[in-house]
Amino acid sequence: MSDTAPLLSVRDLRVQFNTDEGVVRAVDGISFDVAPGETVCVVGESGSGKTVACESITKLIPMPPGEIAGGEVRFDGDDLTDASEKQLQSIRGDRIAHIFQDPQGALNPVYPVGAQIAEAVRLHSDVSKAAARDRAIDLLDRVGIPEATNRVDDYPHEFSGGMKQRVVIAMALAADPDLLIADEPTTALDVTIQSQILNLLRDLQDEFGMSIIFVTHNLGVVAEVADRVVVMYAGKVMETGSVHDVFERPSHPYTKSLLECLPGIGRSMEPIGGSLPDLTAPPEGCRFHPRCPHATADCRSGSHPELLEAASDHRAACVYYGPGYDVSAIRGDGEAETRATDGGRDDSHDSHGDSR
Ligand SMILES: Nc1ncnc2c1ncn2[C@@H]1O[C@H](COP(=O)(O)OP(=O)(O)OP(=O)(O)O)[C@@H](O)[C@H]1O
Ligand code: NI
């Protein structure tokens, strides 16, 4: 990981929804960092809390029923959980941009797209209307809208789904944000367009130098865009590490199962057996234990495991990385995997040396 201070630092964030059915603990004590210029992918099955986590950063979740029940969201040093709505509005328009799955909601149907982008430009910087319009054309061109000069006065409905999502990206970039939060921005699009949009985001990141949080449940997309990965399950972070390490050596049984569901990489294409726990009454111990083939008595009681070091800069919330466990039991296939930094616990094997 880089030595620079993180741009975003989420610490023990807890977000709940107070509903008639009970308290839904959608995000239950998660921590992760995003470094400047880095792309962090948040992955996990549907309902694992990815969207709630991301929308809580700038408090976009509906409150009530939502409530930030604890923790910190430090952005460039300030704790956003303490920020006023006015401060948050200015941060959302200026420094943290969100892109959602459905581009429709981000665009106002009654205004031409260029006018909407120009308005976003003017919110961010003190420029003339004419200069803002020129910038809008430039941004439309940058995101790959052909003949941007002729399309600037078109209305959202005149664009196809993929082109509309590009317009939304142009709008998000209008403020030259430090952090772009993209929540499944391509799942509604066909595969070719998805991959064009992903390439576009990568190019734009090189050019604009922003950090990106990318939410997806598609591990193929993760492999394509991520620097680092945060794997979520039932409101918890199960594993985090570089995209290389997580794909090469998935360390949590949950991540392993997710990867085995991925066509072409895993052996089986079966979905993970069982279903997500009821978040109003999650299981004791590890949240994943009812679905985990390796669960022991320790996994079934007490609190959810802490994130433990599986290798250097690679952590997993699994008791097998604690004292008294043989980690090869969850690696499978007799792989002689070990923790690179392990200082000679009795369950460790000879290090085969990290190839990186
Ligand atoms: N407004 C709400 N009221 C009650 N529960 C909610 C609300 N919004 C989200 N939740 C619950 O929070 C949990 C996490 O939802 P979230 O949308 O973050 O999942 P996700 O990981 O983004 O899933 P997906 O991949 O389907 O987008 C779910 O159990 C969901 O039902
Ligand atoms: Ni979601």
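Check the entry above for the structure.
Not measured: the values here are computed from a predicted model.

Draft legend 1. Representation of the state of the cysteines in the model. Counted under the stated rule, the structure contains zero disulfides. Unpaired in terms of disulfides, Cys286 finds its nearest cysteine sulfur in Cys299, a separation of 6.2 Å. Cys299 forms no disulfide, and the closest cysteine sulfur to it belongs to Cys318, at a distance of 6.2 Å. Judged by its relative accessible area of 9%, Cys299 is buried.

Draft legend 2. View of the pairing of strand 8 (residues 211-215). Among the five residues that make up strand 8, five are buried, leaving the element largely enclosed by the rest of the structure. Taken together, the four bridges between strand 3 (residues 39-43) and strand 8 define a ladder with parallel strand orientation. Along strand 8, the bridge assignment pairs Cys41 with Phe214. Alignment of strand 7 (residues 179-183) against strand 8, held across five bridges, turns out to be parallel. In the sheet register, Asp183 faces strand 8, and the bridge partner there is Val215.

Draft legend 3. Here's a closer look at the pairing of strand 9 (residues 228-233). In terms of burial, strand 9 is a largely internal element, six of the six residues being buried. Along strand 9, one buried face is formed by Arg228, Val230 and Met232 and the opposite face, lined by Val229, Val231 and Tyr233, is buried too. Relative to strand 9, strand 3 is paired through four bridges, and the arrangement is parallel. Considered in strand 9, the bridge of Val40 is made with Arg228. In the sheet, strand 9 pairs with strand 10 (residues 236-242) via six bridges, with the strands oriented antiparallel. Its bridge partner lying in strand 10, Val229 is registered against Gly241.

The rules behind the values
Residues numbered from 1 in each chain as written. Chains lettered and ligands numbered in written order. Predicted model: local features only at pLDDT ≥ 70, side-chain atom pairs only at ≥ 80, totals over all residues. Heavy atoms only, no water. Disulfide = S-S within 2.5 Å. Buried < 20%, exposed > 50% of the residue type's maximum accessible area, 1.4 Å probe, protein only. Helix = DSSP H or I, 4+ residues; strand = E, 2+ residues; numbered from the N terminus. Pairing = 2+ DSSP bridges.

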